Amino acid sequence: MSSLAEKDRPIVQLLLNAGTCPRCILRFCCVGSQTLYRHPDKDLMKDLQDFLKKNQGEEGTVCLEVVDPPCKRIRLEDTEEGPEDLNHNGALPRIPSENAGNAAVESCAGKVCNVCLGILQEFCEADFVKRVCQKVNSADYQFTSFVFSVSLPPQLSVRERAAWLGVKQEMRNLGLSLEKDDIVQLKEAYKWIIHPQLAEELGVPADGKSLFEVSVVFAHPETDEECRFLATTCPDCFKPAKNKQSVFTRMAVIKALEKIKEEDFLKHFPCPPSSPKNPCDALEIQCNNGAVFVAGRYNKYSRNLPQTPWIIDGERKLESSVEELISEHLMAEFKADSFNFSSSGREDVDVRTLGNGRPFAIELVNPRRIHFTAEEMKRLQQAINNSSDKIQVRDLQLVTREAIGRMKEGEEEKTKTYSALIWTDKAIQREDIALLDDIKELKLDQKTPLRVLHRRPLAVRCRIIHTMSSEYIDEHHFRLHLKTQAGTYIKEFVHGDFGRTKPNIGSLLNRTADILELDVESVDVDWPPTLDN
């Protein structure tokens, strides 16, 4: 049995007189029964009216059978009566009469709540729930559960504080106390009411861990100015931010309310707050699915294709990129808003990636479709491969966010294998390049290459060439196969970059050397798992 006791009478009476809705009254009476809040507003108002009609000496109750017991309560304190607790005759203030209670109930009917600004009134009704569900269904998302979130106007925190201070004073006069943390939070009560309705209408359960979010943004332009006095009393709580339209964010207002003294608050804001003319507006009803991650390996066969879009000073240099050739198909199939591409290293525009390819991962932001079978992923991989002869992908699969970290783990400790076509100014014979085959674990000092200095900090990096194997072609050309530490600048190791990489092929062979072609033959990262394609 969830009940309102005699100690709740002054709270009910005070808030009804002020124009507070039944559900907010239950919140301030610390009623923790979720079921009770779901009863119609009119029924709750009638229950409160019946409660106030009972004789003051009786134990009044709101008679509704519920499973869950109240989770919060008002505490009785042994407080000494001070001058502020007494009227001018030295007696405790009188609780408003029964007739006053009836008048308050009648005057509250149809009014917008002075505390929640209508959130716990019309926005709990079936019409609004259907409006939310229509928005969700029209967005065409795949989901098996949902999490519901609300964004409330910051001034609601101000009104909540004003109502609490009024109730607190009334309770103090009666030797009782009401702590702010005892009050059921507005968002909590709203979700108790709205969750079952949304779950029934959408046909899936509410789940706090769900990746599919339904959110509602409320605003109340009529009372937007109510927070401004806090900027005068607590100016250090309101700092301008680039990504915020107003300094009066909910967190800034809460911080100011925690800092301001009660007497200063009461000088600037009515207690209890006055009733508004209009309820809140539901500015936005939004849906968002958690990101989906797709991984695989790509081969790049073109020497005129960058890994990511090549744009300099706003001008596009080449028409496409590896990233775009892969992502355009994923974006279309997953119906995502945007994507983020990452890979285990990168190759230059004129470098091919052969062998088993380079591991990559794509984060698909806010996808409408999230469920794909292994067979559907195979077909998607084939569609990507059929669309261009410049790239091929393999092992395309869905992965978790956590799994992507394996692609970056110990990146500099990994090894990569290359094949370079090298030119020399002086004629060479086979024996001239044979010495390269005997060099093992060659340590390099590589100063940031001139060609990337505009986007990478100046530093000297130590890198290792593990092994080399030369293949003679003619007097001025040979092919060099290298196994190196990841992050080694191969082009600079060949030509020296004006002495910025030491040693280099030129210095080892005692002649000028340059690189004509470079291929990545393997990236030794054991991720993602190989699939049976």
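As the structure is a computational prediction, the values presented were derived from the model and not from experiment.

Asker: Would you explain a nonpolar patch on the surface in this entry?
Answerer: Nonpolar side chains collect at one region of the surface, where L450, L453, L458 and F498 lie side by side and expose about 470 Å² of accessible area between them. Tracing the backbone shows L458 in the loop between strand 13 (440-447) and strand 14 (460-474). Looking at L458, the relative accessible area reads 62%, which means it is exposed.

Asker: Got a minute to help me understand the sheet that holds strand 5 (residues 281-289) in this structure?
Answerer: Reading across from one edge, 2-4-5 is the order of the 3 strands in this open sheet, with mixed pairing throughout. Single-partner strands in this sheet number two, and they are strand 2 (147-151) and strand 5. Geometrically, the sheet is characterised by an average inter-axis angle of 20 degrees between neighbouring strands, direction not taken into account. Where strand 2 and strand 4 (residues 212-219) come together, 5 bridges link them in parallel fashion. Across the sheet, the residue bridging to S151 is V217, located in strand 4. The strands that helix 6 (residues 126-138) touches are strand 4 and strand 5; relative to strand 5, the one it contacts most, it runs at about 40 degrees.

Asker: What should I look at first to understand the pattern of salt bridges in this one?
Answerer: Any two side chains of opposite charge can pair, on the condition that their charged atoms come close. The tally for this structure, following the rule as stated, stands at 25 salt bridges. Close ionic contact of K46 with D50 constitutes a salt bridge, the shortest N to O distance being 3.3 Å. On the criterion of helical spacing, the pair formed by K46 and D50 is a turn pair, its members being 4 residues apart in helix 4 (residues 41-53). A salt bridge links R500 to D497, with the nearest nitrogen and oxygen atoms 3.6 Å apart. D497 matches R500 in its accessibility class, with the two residues each being buried.

Asker: Would you explain the nonpolar core in this entry?
Answerer: Considering soluble globular proteins, one finds that nonpolar side chains tend to be buried as a cluster. In this structure, F28, I119, L120, Y190 and F218 are the most contacted members of the largest nonpolar core, which totals 82 residues. Counting residues in hydrophobic clusters, the runner-up holds 35 residues, among them V399, A420, L436 and F478.

Asker: When you look at the packing of helix 7 (residues 155-173) against helix 10 (residues 250-259) in this model, what are you seeing that I'm missing?
Answerer: Between two packed helices, what matters for the description is the angle formed by their axes and the separation of those axes. Taken N-terminus to C-terminus, the directions of helix 7 and helix 10 make an angle of 25 degrees; their axes are 9 Å apart at the nearest point. Looking at the two axes, helix 7 sits roughly parallel to helix 10. Crossing angle aside, the handedness with which helix 7 passes helix 10 is right-handed. Contact residues: S157, V158 and R161 in helix 7; V253, I254, L257 and E258 in helix 10.

Asker: Just to check I follow, could you spell out the pairing of strand 13 for this structure?
Answerer: Note on strand geometry: in a regular strand, side chains alternate between the two faces of the sheet. With 7 bridges joining them, strand 13 and strand 14 adopt antiparallel strand pairing. Counted as the bridge partner of K440 is T467 from strand 14.

Asker: How should I be thinking about the packing of helix 1 (residues 9-18) against helix 7 in this particular structure?
Answerer: Their axes nearest at 10 Å, the elements helix 1 and helix 7 cross at an angle of 140 degrees. Comparing the axis directions of helix 1 and helix 7 gives the class oblique. Judged by the twist between their axes, the crossing of helix 1 over helix 7 is right-handed. Where helix 1 approaches helix 7, its residues P10, I11, L14 and L15 are matched on the opposing element by G166, V167, E170 and M171. The class makeup of the residues in the contact of helix 1 with helix 7 is 6 nonpolar, 1 polar and 1 charged.

Asker: How should I be thinking about the confidence of the model for the protein in this particular structure?
Answerer: Should pLDDT be low for a region, the predicted coordinates there are not to be read in detail. Confidence in the prediction for the protein averages 88 pLDDT; 88% of positions are at 70 or higher. Within the protein, strand 1 (residues 75-76) has the poorest average pLDDT of any element, 36, and strand 16 (residues 501-502) the best, 98. Predicted confidence for residues 59-101 stays below pLDDT 50, and this span has 88 contacts to residues more than four positions away or in other chains.

About the criteria used
- The written sequence of each chain sets the order in which its residues are numbered from 1.
- The predicted nature of this model means local features are confined to residues of pLDDT at least 70 and side-chain atom pairs, given and counted, to a pLDDT of 80 or more, with totals for whole chains, interfaces and linings taken over all residues.
- In computing side-chain properties, one takes all heavy atoms of the structure into account and sets aside hydrogens as well as water.
- Patches were defined on residues exceeding 30% relative accessible area and lacking a salt bridge, with like-charge contacts within 9 Å and nonpolar side-chain contacts (Val, Leu, Ile, Met, Phe, Trp, Tyr) within 5 Å.
- Every accessible area reported is derived by Shrake-Rupley at a probe size of 1.4 Å, with residue values counting cover from the shown protein chains alone.
- Salt bridges are counted wherever a side-chain nitrogen of Lys or Arg sits within 4 Å of a carboxyl oxygen of Asp or Glu.
- Helix and strand assignments come from DSSP, with helices taken as H or I runs of at least 4 residues and strands as E runs of at least 2, each series counted from the N terminus.
- Three exposure classes are used, based on accessible area relative to the maximum for each residue type with a 1.4 Å probe and protein chains only: buried under 20%, partly exposed in between, and exposed over 50%.
- DSSP-based pairing: two strands are paired if at least 2 bridges between them are found.
- Interaxial angle, 0 to 180 degrees, is taken between N-to-C directions of lines fitted to C-alpha atoms, where a helix line uses only the stretch in contact.
- For this analysis, residues touch if any pair of their heavy atoms sits within 4.5 Å.
- As used in this record, nonpolar core signifies buried Ala, Val, Leu, Ile, Met, Phe, Trp, Tyr and Cys residues forming a set joined through side-chain atoms within 4.5 Å.
- For this classification, under 35 degrees means roughly parallel, over 145 means roughly antiparallel, 65 to 115 means roughly perpendicular, and everything else is oblique.
- Helix crossings get a hand from a simple test, with the near helix turned counterclockwise from the far one by less than a right angle marking a left-handed crossing and a clockwise turn marking a right-handed one.
- Just so you know the grouping, Ala, Val, Leu, Ile, Met, Phe, Trp, Tyr, Cys and Pro go in nonpolar, Asp, Glu, Lys and Arg go in charged, and all remaining residues, Gly too, go in polar.
- Scored from 0 to 100, pLDDT records how confident the predictor is in each individual residue.

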